[in-house]
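Report on the structure
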Amino acid sequence: MTPTHTDPLPRFPFDTETALEPPPEWAEFREKCPIAHVALASGDQATLITRYDDVKTVLSDPRFTRPTPADNAARVADTESGGVFNSEMATVLPQHGEAHITWRRTLGKWFTAKRMNALRPGMAAMAEQLIDDLVAKGAPGDLKAGVAFPLPVWVICDMLGVPDADRDRFAHWSDVMLSMTRYTQAEFDAAQLEFGQYMGGLIAGKRAAPGEDILSALLPEEWSDAMLIATGIGLLIAGHETTANMIAKMVAMLLADRSRWEALLADPSLVRTAVEESLRLDANAGVGMARYLHEDFEVGGTVLPGGTTAMCSMAAANRDERAFGNAAEMDLGRSPNPHLAFGAGAHACLGQPLARTELQVVLEVLLRKLPSLELAVPADELRRVEGLAVGGLRELPVRW
């Protein structure tokens, strides 16, 4: 997997000077080298795909899935095992065929539009409480720590029947497991073990006294404990980490140009399309999705040999002028908006209805309660989270 080229390969993900602007390499690669060789944090070589049609083609092909430890895939992280995408969880959860479809269908019942609408009032009440607490502490405040992080944690904990009081513990475990460059293999192994033991204890408790939650509802499925634990960990990580980061990034994007916030205040019916446009324009989305090609595959006029690890940059694809008019511009009313922020195909994000609902509710409540909200620092001084597979802001300083 070590690059053999005489010239060093570009390092992916690319660095950016500011948290809300995309790296210039996205546009350069889309135009000049849409199927490109890059080096990951591990030093392993992968193939970076940046055009919309190509990314969608690879993600939608049912033959290819996330790399598993059985594959000789490029490692995303700089640890020996290569991070969460190459971890034990990848072997426990079904990645292919009928078993994968059944697993998704079983969980998908908990993420229907009907269920999401039922959760809205509780989400809104929680958002209002968090905003009141933030305001009570005085301006400036950190919207990420005060609102963006605790809201999705509370929601996914409630859905899974997990004590909200434990959120700092699993937030740490999540960060370690999503690390590309921040933690050692020993720290990763310890976090995975501790998280597994924690989730195993929760599931044992639910066997003794089931509740009205997803984990309790999965017990009759006759899944192995390992599969239940991996499912619980996966939902807990995905259910809070990406959404918490996206809430902060969305609000930052809307406040970076105050005319956007003013437009939403004038017409709150734009909230739904503004959320979708924020998802599309996310310049700090993280590493993207890896796919391991088990056989030769032609994409974008290039044949990728079997054994290739393809890194699909949905964020770069979402700015492709071939798919979106004025792709670099934020159009709060853009419709249709077939962005790839949640992926595509059989492995598209299972929880996207939940993420969309949370983003919409938070934005609605913020507009109503804090119409004077503004950034407390210049947008180009916002600081990125570094070294994780998902992108985010370290904090979001605001005043009102």
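Nothing here was measured: the structure is a model prediction, and the numbers come from that model.

About the criteria used
- Residues numbered from 1 in each chain as written.
- Predicted model: local features only at pLDDT ≥ 70, side-chain atom pairs only at ≥ 80, totals over all residues.
- Heavy atoms only, no water.
- Axes fitted to C-alpha atoms, helices over the stretch in contact; angles between N-to-C directions.
- Helix = DSSP H or I, 4+ residues; strand = E, 2+ residues; numbered from the N terminus.
- Parallel < 35°, antiparallel > 145°, perpendicular 65-115°, else oblique.
- Left-handed = near helix turned anticlockwise from the far one by under 90°.
- Contact = heavy atoms within 4.5 Å.
- Nonpolar A, V, L, I, M, F, W, Y, C, P; charged D, E, K, R; others polar.
- Phe/Tyr/Trp six-rings, centres within 6.5 Å; stacked < 30°, edge-to-face > 60°.
- Buried < 20%, exposed > 50% of the residue type's maximum accessible area, 1.4 Å probe, protein only.
- Pairing = 2+ DSSP bridges.
- Salt bridge = Lys/Arg side-chain N within 4 Å of Asp/Glu carboxyl O.
- Expected span 1.5 Å × (residues − 1).
- Bend = angle between axes of the 7 residues up to and from the residue.

1. Focus: the packing of helix α5 (residues 113-136) against helix α7 (residues 150-160)
Taken N-terminus to C-terminus, the directions of α5 and α7 make an angle of 140 degrees; their axes are 10 Å apart at the nearest point. It follows from the interaxial angle that α5 and α7 lie oblique. In the packing of α5 onto α7, the handedness of the crossing is right-handed. In this structure, α5 uses M116, L119, G122, M123, M126, A127 and L130 to contact α7, whose residues at the interface are P150, L151, W154, V155 and M159. Class assignment of the residues belonging to the contact of α5 with α7 gives a composition of 11 nonpolar, one polar and no charged.

2. Notes on the packing of aromatic side chains
Enumeration over the complete set of coordinates arrives at six aromatic pairs. Relative to F324, the ring of Y52 has its centre 5.5 Å away and its plane inclined at 90 degrees; by these criteria the two rings are edge-to-face. Of this pair, Y52 sits in helix α2 (residues 52-60) while F324 sits in the loop between α14 (314-317) and α15 (352-369), placing them 272 residues apart in sequence. Among the residues examined, Y52 registers a relative accessible area of 7% and is labelled buried. When the centroid spacing of 4.9 Å and the interplanar angle of 75 degrees are considered together, the rings of F64 and F297 count as edge-to-face.

3. Remarks on the sheet that holds strand β4 (residues 289-292)
Taking strand neighbours across the sheet as the criterion, the four strands line up as β1-β2-β7-β4 in an open arrangement whose pairing is mixed. Pairing within the sheet leaves two strands with one partner each, and these edge strands are β1 (35-39) and β4. Sheet twist, expressed as the mean angle between neighbouring strand axes with direction ignored, is 35 degrees. With respect to the sheet, α2 is in contact with β1, β2 (45-49), β4 and β7 (309-312), its orientation differing from that of β7 by roughly 125 degrees.

4. Thoughts on the pattern of salt bridges
Tallying each qualifying case throughout the model produces 20 salt bridges. For R169, the salt bridge identified is with D166, shortest N-O distance 4.0 Å. For R169, a relative accessible area of 44% puts it in the partly exposed group. Between R384 and E386 there is a salt bridge, with its nearest N and O atoms 3.6 Å apart. Taking relative accessible area as the criterion, R384 reaches 17% and is therefore assigned buried. A relative accessible area of 41% means that E386 is categorised as partly exposed. Salt bridges linked by common partners bring E31, D320 and R322 together as one network.

5. Some remarks on α5
The end-to-end C-alpha separation of α5 is 34 Å, in line with the 34 Å expected for 24 residues at 1.5 Å each. At R120, α5 is deflected by roughly 35 degrees, the largest bend along its length, and proline P121 occurs up to four residues later in sequence. The set of residues buried in α5 consists of M116, M123, M126, A127, L130, I131 and L134. At its buried positions, α5 is contacted by β3 (141-142), α6 (143-148), α7 and α15. Of the residues trailing α5, G138 is marked for its positive phi of about 90 degrees.

6. Remarks on the pairing of β2
Buried residues dominate β2, accounting for four of its five residues. Of the pairings in the sheet, the one linking β1 to β2 comprises five bridges and is antiparallel in character. Bridging across to β2, I35 finds its partner in I49. Here β1 folds back onto β2 in antiparallel fashion, the turn holding five residues, of which G43 has a positive phi close to 95 degrees.

7. What to know about the sheet that holds strand β8 (residues 374-375)
For sheets, the rule is that strands pair by backbone hydrogen bonds, running either parallel or antiparallel. Read from one edge to the other, the open sheet built from three strands follows the order β3-β9-β8, with strand pairing classed as antiparallel. Bordering the open sheet on either side are β3 and β8, each of which pairs with just one other strand. As defined by bridge partners, β8 adjoins strand β9 (residues 397-399) across two bridges and the pair is classed as antiparallel. Within β9, the residue paired with L375 across the bridge is V398.

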